[in-house]
Protein chains: 2
Amino acid sequence: MSAQKIRVGIIGVGCRGYNLLKEAICKRENVEVVAVCDEYLDRAEAAAALVKELDNNDAFITTDYRDVLKMDNVDAVVISTAWEAHIQVSIDAMRAGKIVGCEVGGAYSVDDCWQLVRAYEETGTPIMLLENCCYGQYELMVLNMVKKGFMGEVVHCRGGYHHDLREEVSFGRENRHYRLRNYMHRNGENYPTHELGPIAKVLNINRGNRMISLTSTSSSAKGLNAYLMEKKGPDYDLTGFPFAQGDIVTTVIRCAHGETIVITLDTTLPRAYSRGFEVRGTKAAYFEDTHSVFEDGKHNEFDLDWKPQWNNAETYREKFEHPIWQKFLNDGLRGGHGGMDGLVFDAFFEAITDNRPMPIDVYDMAAWMCITALSEESIAKGSAPVAVPDFTGGRWCLRTEEPDWAFALSKICE
Amino acid sequence: MSAQKIRVGIIGVGCRGYNLLKEAICKRENVEVVAVCDEYLDRAEAAAALVKELDNNDAFITTDYRDVLKMDNVDAVVISTAWEAHIQVSIDAMRAGKIVGCEVGGAYSVDDCWQLVRAYEETGTPIMLLENCCYGQYELMVLNMVKKGFMGEVVHCRGGYHHDLREEVSFGRENRHYRLRNYMHRNGENYPTHELGPIAKVLNINRGNRMISLTSTSSSAKGLNAYLMEKKGPDYDLTGFPFAQGDIVTTVIRCAHGETIVITLDTTLPRAYSRGFEVRGTKAAYFEDTHSVFEDGKHNEFDLDWKPQWNNAETYREKFEHPIWQKFLNDGLRGGHGGMDGLVFDAFFEAITDNRPMPIDVYDMAAWMCITALSEESIAKGSAPVAVPDFTGGRWCLRTEEPDWAFALSKICE
């Protein structure tokens, strides 16, 4: 469909969906937003006004996503609803023949993930998880290092969603945010993919490797109560609410080839933002928190005095900047689509235009999202190990020889 | 026994024991080294020569530690043997009425830890685990922050033994190092106390809190083989040896009051040294790797740009430097006993002289050391959760009102 515009309906235009329209979707030559949907009419109307302003399109407005799926002039949907709707809307969209780009979040059950995979397998409708962090500058640089053998054999990765969301969660009524109800009632690794996505690409998950089991352990929940006590006082009804969601959830994943992954949910205590990305190989290591690379044979003398090397990752950009970022930086900002949000949508729309496989496909989506449900299960069982399903039905052993993700993406840079 | 010298026998004088004599034990006014023991005679003789050189004492030399325990003129023993002997020698020493200072390591079974506790309870002989990292400058500063309420409620701590030991382990035959056999045959968190000790003090373990369960997960073992391939080549017999010890072991511990602790063994891949100390509270956080403090209400504007705050922990020293370190820095180096090795022996010898309880007692020792055996068990069971025994027999609930560790130590600063 390279000659014509991709006609997009966006489903869910809260804060994230609205910003995606503004920063990553509108003002593309080959994309036309033809429908906007949100369960809150005011949000849908605001989004339509934005589309009118930026692209001079009159998008159809609705509060029922099924209306969008019925539209003949919709080629693809972008789903940026509350977490609870991601999989159901994705399945319904695939069954309606609409290509799916789905925002990130975790699954509520493993069965949901199976349903998602089966819907894809039955329909063949392309679907991509829009994990922007897979397109982060340093995540891609490190992936490039791994692909080029600089790291040696990778045996361990770490990452986290370290993001102080106390305001967003605590004021969830005021801002109609789905996180509040999830933090009130659930306890698990509710947002694994920002860190797990890039790690899965490093470890070739679903392409000759897979996650086989995990344990998950939650701390107590103290952060939101302390925050609400300070912001709202002791008489506010949520101040004393027994939030189910632990402040820190640590999930340890084992992979088929013995690699381990540690991911951390860390959203209700004071700290600065980080995705805590670390990759550990037999020849080198990368540490996001000090933005540094340890290269065996070069840095060993700094063993006990690493501080002077903090931030040295910058010096590796010349050699290892990923082609996607090289091109992006050379081209300058394109239509305001800066950084990883722009790049993940570049990848999505270009895969559609070129009729190529999605770089983050349904098997990645199911494997990454199921971690949330499995984390809840492990925590419920006192941190018992639980198995990660093989959503590929054994095809992960065959997929080793397919072009890897970085290679597929590099087509963007032709 | 404040008027007389403490007569010490040191058992195990490999690299660590020799250096302890040199840096932390000899040249003390109130300490006299009267016996040195090592299973290798040459080591014992070298240690005796050092004692002669530094203190002009003629220490008794033996290769059998039981000889030392029989000596009437030995008041206390310092045990710095291979890990395997720590608990047995400690038990035998307590039964012989010799006060024990034992170097750190992990236990080989939970039963060993029970035997240790029972020997103490039956004999009443004082025993201290010589965990020097409890006396680290920043570990103590952070403990002080916690005690003063600066952190709010602490809900999560992290630490690691991040130390590239590939040379020490791989050349274990040449340097007669016990780590080699352990890395060849065992797989677990073999060295937990450097990070767990300071964390246990932060979380009041055995004083109103305790560790209740853990999971442990090991990565594959690739680091030593890659290292040996480079250093010794493919024909060296150890190069292809299937080392049991995984490169990265992640252990997640839950405590009675819902706090979680993550500790990491990380000794066979290239990287710089760190103990990865992190303390997370409802009001503030400390991160060793960036040597920074995040203070709620003060640093929130740096949420997405933390880099300018790296190293800011230095600015907290004026307010929170622990009294032990204040005094230490004001006094200057005393007899070459610099830093935490000197301070842990200060504490040990002063507890003996003043007839005070040991600041790291037999219950701490058993609780911290058992983590190794439990980690092996959890890994053997596919990361299954295992319970941490209560070695205090319920007395941890009563010990809340005892003077806490920091307070006891502050007597040093009188």
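Our subject is the structure that appears above.
Calculation criteria
Residues numbered from 1 in each chain as written. Chains lettered and ligands numbered in written order. Predicted model: local features only at pLDDT ≥ 70, side-chain atom pairs only at ≥ 80, totals over all residues. Heavy atoms only, no water. 1 Å grid on protein atoms, 1.4 Å probe; cavity = no way out; pocket = protein on both sides within 12 Å on 5 of 7 lines; lining within 4 Å. Points joined across faces, edges and corners; volume = space filled by probe spheres on them. Helix = DSSP H or I, 4+ residues; strand = E, 2+ residues; numbered from the N terminus. Nonpolar A, V, L, I, M, F, W, Y, C, P; charged D, E, K, R; others polar. Contact = heavy atoms within 4.5 Å. Buried area = accessible area lost by both parts, 1.4 Å probe. Salt bridge = Lys/Arg side-chain N within 4 Å of Asp/Glu carboxyl O. Polar contact = N/O pair within 3.5 Å; in protein donor to acceptor, adjacent residues only side chain to side chain. Buried < 20%, exposed > 50% of the residue type's maximum accessible area, 1.4 Å probe, protein only. Phe/Tyr/Trp six-rings, centres within 6.5 Å; stacked < 30°, edge-to-face > 60°. Lys NZ or Arg CZ within 6 Å of the ring centre and 35° of its normal. Arc of directions from axis to C-beta.

(A) Region of interest: empty space enclosed by the protein. Using the criterion set out here, one finds 8 cavities of 30 Å³ or more in the structure. One number sums up the size of the largest cavity: a volume of about 150 Å³. For the lining of the largest cavity, the secondary-structure elements that each account for two or more residues are strand 7 (154-162), strand 9 (248-255) and strand 10 (260-266) of chain A together with strand 7 (154-162), strand 10 (260-266) and strand 11 (278-281) of chain B. Here the residues of the lining of the largest cavity are counted per class, giving 4 nonpolar, 6 polar and 7 charged. Looking at the second largest cavity, the residues that line it are His-156, Arg-158, Glu-278, Arg-280 and Phe-287 of chain A together with Arg-158, His-162, Ile-248, Thr-264, Asp-266, Arg-271 and Asp-289 of chain B. Of all elements in the fold, only strand 7 and strand 11 (278-281) of chain A together with strand 7 and strand 10 of chain B reach the threshold of two or more residues within the lining of the second largest cavity. Here the lining of the second largest cavity is composed, by residue class, of 2 nonpolar, 3 polar and 7 charged.

(B) Structural detail: the interface of chain B and chain A. Each partner contributes to the interface: chain B provides 55 residues, whereas chain A provides 56 residues. It is Pro-270, Arg-280 and Trp-310 of chain B in chain B that bury the most area against chain A; as a group they hold 13% of the surface buried on that side. Close ionic contact of Asp-296 of chain B with Arg-166 of chain A constitutes a salt bridge, the shortest N to O distance being 2.8 Å. Our count for the chain B to chain A interface comes out at 12 residue pairs in polar contact (both at pLDDT 80 or more). Elements represented by at least two residues in the side of chain B that touches chain A include exactly strand 7, strand 8 (211-218), helix 10 (223-232), strand 9 (248-255), strand 10, strand 11 and strand 12 (284-287) of chain B.

(C) Seen up close, the environment of Ile-212 of chain B. Residue and element names in this part refer to chain B. You can see Ile-212 is positioned in strand 8. The exposure class assigned to Ile-212 is partly exposed, which follows from its relative accessible area of 29%. The spacing of Ile-212 and Ile-127 is 85 residues in sequence and 24 Å in space, taken between C-alpha atoms.

(D) Here's a closer look at the packing of aromatic side chains. Applying the stated rule across the entire model yields 31 aromatic pairs over all chains. Following the ring pairs from residue to residue traces out a cluster consisting of Trp-83, Tyr-161, Tyr-178, Tyr-191 and Tyr-273 of chain A. Over the face of the ring belonging to Tyr-191 of chain A we find Arg-179 of chain A, whose NZ or CZ atom lies 4.7 Å from the ring centre. The ring of Tyr-40 of chain B has Arg-176 of chain B sitting right over it, with the charged end atom 4.1 Å from the ring centre.

(E) Broad picture of helix 1 (residues 15-25) of chain B. Residue and element names in this part refer to chain B. When helix 1 is considered as a whole, its buried residues turn out to be Gly-17, Leu-20, Leu-21, Ala-24 and Ile-25. Down the axis of helix 1, the smallest arc covering the buried residues is 120°, so these residues share one side. The inward-facing, buried residues of helix 1 contact strand 1 (6-11), strand 2 (31-37), helix 2 (41-55), strand 4 (76-79) and helix 13 (339-354). Taken from the residues just after helix 1, Lys-27 is the one with a positive phi, measuring 60°.

Take it as geometry only, folks, not as evidence of what the structure does.
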